[in-house]
Amino acid sequence: MQDTKRFKATWGEGYYNPGSKEITLADITEENGWDDWAIEKVMSLEVQEACDCSDYSGILFVQRIA
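For every chain, the first residue of the written sequence is number 1, and numbering continues from 1 along that sequence. Where local features are concerned, this predicted model is filtered to residues with pLDDT of at least 70; where side-chain atom pairs are given and counted, the filter is 80 or more; whole-chain, interface and lining totals use all residues. In computing side-chain properties, one takes all heavy atoms of the structure into account and sets aside hydrogens as well as water.

A look at the layout of surface pockets
In step 1: By volume, the largest pocket is sized at about 310 Å³.
In step 2: Here the term cavity refers to a set of points on a 1 Å grid, laid over the protein atoms alone, in which a 1.4 Å probe fits but cannot get out; the term pocket refers to an open set having protein on both sides within 12 Å along at least five of seven lines, with lining residues being those that place an atom within 4 Å of a point. Taken together, 15 residues make up the lining of the largest pocket; nearest its centre are Trp11, Asn32, Gly33, Trp34 and Leu60.
In step 3: Residue classes follow a fixed rule: Ala, Val, Leu, Ile, Met, Phe, Trp, Tyr, Cys and Pro count as nonpolar, while Asp, Glu, Lys and Arg count as charged, and any other residue, Gly among them, counts as polar. A class-by-class count of the residues in the lining of the largest pocket yields eight nonpolar, three polar and four charged. Grid points are joined across faces, edges and corners, and a volume is the space filled by probe spheres set on the points.

Side note on the pairing of strand β1 (residues 6–11)
In step 1: Residues Phe7, Ala9 and Trp11 of β1 are buried on one face, while the alternating residues Arg6, Lys8 and Thr10, pointing to the opposite face, are not.
In step 2: Any two strands with at least two DSSP bridges between them are considered paired. Helical segments are the DSSP runs of H or I of at least four residues, strand segments are the runs of E of at least two, and each set is numbered from the N terminus. As paired strands, β1 and strand β2 (residues 19–24) are joined by six bridges and run antiparallel to one another. Looking at the pairing, Phe7 lines up with Ile23 of β2.
In step 3: Bridge count for β1 against strand β4 (residues 60–64) is five bridges, and the pairing is antiparallel. Bridge pairing links Phe7 to Arg64 in β4. The buried label applies to any residue whose accessible area, calculated with a 1.4 Å probe on protein chains only, is under 20% of its type's maximum; exposed applies above 50%, and partly exposed to all values in between.

Observations concerning the pattern of salt bridges
In step 1: We count a salt bridge whenever a side-chain nitrogen from Lys or Arg sits within 4 Å of a carboxyl oxygen from Asp or Glu. Summed over all chains, the structure comprises one salt bridge.
In step 2: Taking the shortest distance from any N to any O, the salt bridge between Glu22 and Arg6 comes out at 2.9 Å. Here Glu22, found in strand β2, pairs with Arg6, found in strand β1; they are 16 residues apart in sequence, far enough to count as distant.
In step 3: Of the residues examined, Arg6 reaches a relative accessible area of 32% and is grouped as partly exposed.

Listed below in structure tokens is the structure:
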């Protein structure tokens, strides 16, 4: 069965493409620039929970929406 977790990610001005976007587990990988600690935080979210994954690159907030 395919995992259907979906998230709303909001990147701040420090990122290449700031703004909000819906993402899935397929987007949250090291190959896409995600750090291990941020992947771990996002994977532990329950629906409607959010976390701060900001780092030296800028502000990043992620909320699980499904």
